[in-house]
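A look at the structure
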Amino acid sequence: MTVTYSSKVANASFFSFHRLLLRWRGSIYKLLYREFILFVLLYSVLSVVYRLVLSDPQKRLFEKLSMYCDKYAEQIPVTFVLGFYVTLVVNRWWNQFVNLPWPDRLMFLISSCVQGKDEYGRLLRRTLVRYVNLTSLLIFRSVSTAVCKRFPTMDHVVEAGFMTPEERKVFENIRSPHLKYWIPVVWFSNLASKARQEGRIKDSIDLQNILKEMNVFRTWCATLFGYDWVGIPLVYTQVVTLAVYTFFFACLIGRQFLDPARGYQGHDLDLYVPVFTLLQFFFYSGWLKVAEQLINPFGEDDDDFEANWIIDRNLQVSLLAVDEMHMNLPHMTKDLYWNDCEARPPYTLAAADYCIPSFLGSTTDMGLSDILQVDEADVSNNRPRQQDSVLAWRQESVLGRVRRLLSVQEPPDLPLSRPIFKRHSSDATGSFFPDFRVNPRPDNTGLPSPAKDTLSTLREVSSNPPSPESSPSTVFPRLVISPPLSGLMDSSGICEAAKPQNGLDPTPTEEALALDTPRNSSLVCCSPTQLGPKEFRWANHPPTRPRGRQFSLQFSRQSSKASVRSLPSPKALGRRRRGLARFQSRRSPGPPSGTLQIPDAEYDNDFQGLAGTEDDENKGTNNSEEIKKQDS
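Cut-offs and rules
Residues numbered from 1 in each chain as written. Predicted model: local features only at pLDDT ≥ 70, side-chain atom pairs only at ≥ 80, totals over all residues. Heavy atoms only, no water. Helix = DSSP H or I, 4+ residues; strand = E, 2+ residues; numbered from the N terminus. Buried < 20%, exposed > 50% of the residue type's maximum accessible area, 1.4 Å probe, protein only. Contact = heavy atoms within 4.5 Å. Areas by Shrake-Rupley, 256 points an atom, 1.4 Å probe, with all protein chains shown as cover. Core = buried A, V, L, I, M, F, W, Y, C linked by side-chain atoms within 4.5 Å. Salt bridge = Lys/Arg side-chain N within 4 Å of Asp/Glu carboxyl O. UniProt positions renumbered as here; feature names shortened; annotations may be inferred. Expected span 1.5 Å × (residues − 1). pLDDT = per-residue confidence, 0-100. Axes fitted to C-alpha atoms, helices over the stretch in contact; angles between N-to-C directions. Left-handed = near helix turned anticlockwise from the far one by under 90°. Nonpolar A, V, L, I, M, F, W, Y, C, P; charged D, E, K, R; others polar. Parallel < 35°, antiparallel > 145°, perpendicular 65-115°, else oblique.

**Here's the deal with the overall build of the chain**
- Broken down by element type, the chain carries 22 helices and six strands.
- Looking at the chain as a whole, 34% of its 632 residues qualify as buried.
- Long-range contacts, defined here as pairs at least 24 residues apart, represent 72% of the contacts in the chain between residues at least 6 apart.
- Summed over its atoms, the accessible surface of the chain is roughly 39,200 Å², and 59% of this surface lies on carbon and sulfur atoms.

Structure representation (structure tokens):
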């Protein structure tokens, strides 16, 4: 029977395995003591012959033979070959245990799906279960020596009650040279189909589940038969056995203690008893014995599977489940925790230490103070970084333009967020308002604050209500109706030059364009919705600066091809500037009507819109077409 010692090593303690070393049944001492005694006797005989029987010339020859055996015995790969072999045997042994046939799943289905409390229903269920146990018995008879000794012939199987005399006649009349363990499986399938036809099995799905579990049971039996049929290759077993035995045969001569007076290297002491050689024999030979014991777990060793016990258990439990326990249910009563929403079984005094709270995750140990400290540190580190990022954003250099050309991402210390344009529901249908709530840029333009009605109008048309934590100034951007990129009207009515959008010094052409822009005396701060039900459209009038700069910002992050197309060559840029100057000298078109200009992403002033007439818009469209022809 299998040696069980799990309760002895349930708790790890000081020298917890020392109790196991004194056991005899199933121990390495019981397996190895014969070989160990033989090795000690042979070693002792050779030692006595060397010391007392051999003459001096013979001793010199024996000493040379001993050193030769000791030198080349280590070249035998005992550890590698034996370790790999034992690993293979242990895996094979465990797989056979996993595939042992257990009828529990089948007996549950038969007891619940095969109906009828009459004698025929009882006979039907017991016959089905008996066929299942007969299948496993036939397999165990073919693979286990212990079971074969218990049931050597079919007469013993009939006498044990696994098969009736009529069934034995049918079994023997079937002519087949192969193992006929599959015949009870066929009987089981046919009888289950008959029960379905007679209405004992109410549903075809129940029949399918029963047959499916029977196929799984048959697979377990076939797996055991396959392990018994195809074992580890014999050549591998021979190699391992020869490697171990030849190694220790060489150790009988090579590990002898030689005369210390001869001065041989490693033979300074004469201990008579080779302690470490005996330990090496004990470990290597014990390793080999483990493989010998586990290579066939259906034998008669101490640690082999108890196949006879498995047969007895399966028959008794399965018959009990389908017969006496069929629809034999206890009376239903209210449980102890009927009105208790928190069921908590009691603990004894000895088990009080095992009452522990539930695990809610590893982050539950983190206190709120630790999280707030991390957030405060991040905020304090981000404040100077935001100021530096704004300064670097205004002082963009040629290196930044090259980075956009190559589609290189900006470094993490400059988190410049692009404005998010969202559609608003107002009278200005189809217009877009930039959302500067993510990173509000500093307002250093000195523009007058918008009127109160402007903010109220923006609150009405805003589709995203502000959060309670945000202030009104950060949620609602200020809108100023003024000419684009031309100048700012101060309180005295003098138009100042507009600040460049990209943070660079304006070119002479841009300065001329800024000075040539006509002043509009009707520029006031007002809400876009106060302009009346006009249609807001994208402006197509000629830009006041080269398009290359504007489009490079819009498309540089999409792909490298778009970035290359957006940046014009120096010659094209020069021609475009000269064409703009000539065109502005001839005629300075006003801004188109009914349009709302969207500021550039790098523009740091307040958002500016412009309302005009449709005639001006058509003129601007025609002028843009003329500029395109000049550039081409």
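**So, the nonpolar core**
- Residues Phe140, Val157, Phe162, Phe188 and Ile210 are the most contacted members of the largest nonpolar core, which totals 50 residues.
- Counting residues per element, the ones that place at least two in this core are α4 (104-113), α5 (119-143), α7 (154-159), α9 (183-197), α10 (204-229) and α13 (307-322).
- With eleven residues, the single largest contributor to this core is α5.
- Among the nonpolar cores identified, the runner-up in size contains 25 residues, and Tyr236, Val240, Ala250 and Leu252 belong to it.

**Brief notes about the side chain of Glu167**
- Mapped onto the elements of the fold, Glu167 is located in helix α8 (residues 165-173).
- Assessed through its relative accessible area of 11%, Glu167 is described here as buried.
- In this structure Glu167 touches Arg130, Tyr131, Phe162 and Trp187, once residues within four positions along its chain are discounted.

**With respect to the pattern of salt bridges**
- Overall, the coordinates contain 17 salt bridges when judged by the stated rule.
- Asp323 serves as the salt-bridge partner of Arg126, at 2.6 Å between the closest nitrogen and oxygen. Taken together, the residues span a long stretch of sequence, with Arg126 in helix α5 and Asp323 in the loop between α13 and α14 (368-394) at a distance of 197 residues.
- The exposure class assigned to Arg126 is partly exposed, which follows from its relative accessible area of 30%.
- Each member of the salt-bridge network shares a partner with another, and the members are Glu35, Lys289 and Glu292.

**A look at the UniProt feature "transmembrane region" (unreviewed entry) in the chain**
- In the numbering used here, UniProt assigns the "transmembrane region" (unreviewed entry) feature to residues 36-54, 75-94 and 235-257.
- With 85% helix and 0% strand, residues 75-94 has its two end C-alpha atoms placed 32 Å apart.

**So, α13**
- The end-to-end C-alpha separation of α13 is 23 Å, in line with the 22 Å expected for 16 residues at 1.5 Å each.
- For α13, the full list of buried residues reads Ala307, Asn308, Ile310, Ile311, Asn314, Leu315, Ser318, Ala321 and Val322.

**Some details on the confidence of the model for the chain**
- On average, residues of the chain score 73 in pLDDT, and 58% of them reach the 70 mark or higher.
- Confidence, read as mean pLDDT per element, is least for helix α16 (residues 452-461) in the chain (39) and greatest for α9 (96).
- Here residues 413-541 scores under 50 on pLDDT; set against residues more than four positions off or in separate chains, the count is 211 contacts.
- Here residues 593-597 is a poorly scored stretch, pLDDT under 50, and it has 33 contacts once near neighbours within four places are set aside; other chains count.

**Examining the environment of Ile76**
- Along the polypeptide, Ile76 turns up in the loop between α2 (56-73) and α3 (78-98).
- According to the relative accessible area criterion, Ile76 is partly exposed, its value standing at 27%.
- Separated by 171 residues in the primary sequence, Ile76 and Phe247 have C-alpha atoms spaced 6.8 Å apart.
- If sequence neighbours within four positions are ignored, Ile76 has contacts with Ala243, Thr246 and Phe247.

**Remarks on the packing of α2 against helix α11 (residues 234-254)**
- Close contact between α2 and α11 brings their axes to 8 Å; oriented N to C, the two are set at 140°. Crossing hand, α2 versus α11: left-handed. Note on element contacts: α11 touches α2 through Phe247, Ala250, Ile253 and Gly254, opposite Phe62, Leu65, Ser66, Cys69, Asp70 and Ala73.
- Taken together, the residues that form the contact of α2 with α11 break down as seven nonpolar, two polar and one charged.

**Quick notes on α11**
- Between the first and last C-alpha of α11 there are 30 Å, a value that for 21 residues agrees with the 30 Å anticipated at 1.5 Å per step.
- Looking only at α11, the buried set comprises Tyr236, Val240, Ala243, Val244, Phe247, Phe248, Ala250, Cys251, Leu252, Ile253 and Gly254.
- Looking at the buried positions of α11, the neighbouring elements they touch are α1 (28-53), α2, α3 and α12 (275-294).

**Here we look at the environment of Phe140**
- Looking at the element boundaries, Phe140 is found in helix α5.
- Distance in space between the C-alpha atoms of Phe140 and Leu100 is 9.8 Å, their sequence separation being 40 residues.
- Among all residues touching Phe140, those that are not within four sequence positions of it are Leu100, Pro101, Val147, Leu224, Phe298, Ala307, Ile310 and Ile311.

**Here we look at the packing of α5 against α10**
- Put simply, α5 and α10 touch, their axes get as near as 9 Å, and they point 5° apart. In this view, α5 runs roughly parallel relative to α10, as classed from their interaxial angle. Residue-level contacts link Val132, Thr135, Ser136, Ile139, Phe140, Ser142 and Val143 of α5 to Met214, Phe217, Cys221, Leu224, Phe225 and Asp228 of α10.
- Among the residues making up the contact of α5 with α10, the classes are represented as nine nonpolar, three polar and one charged.

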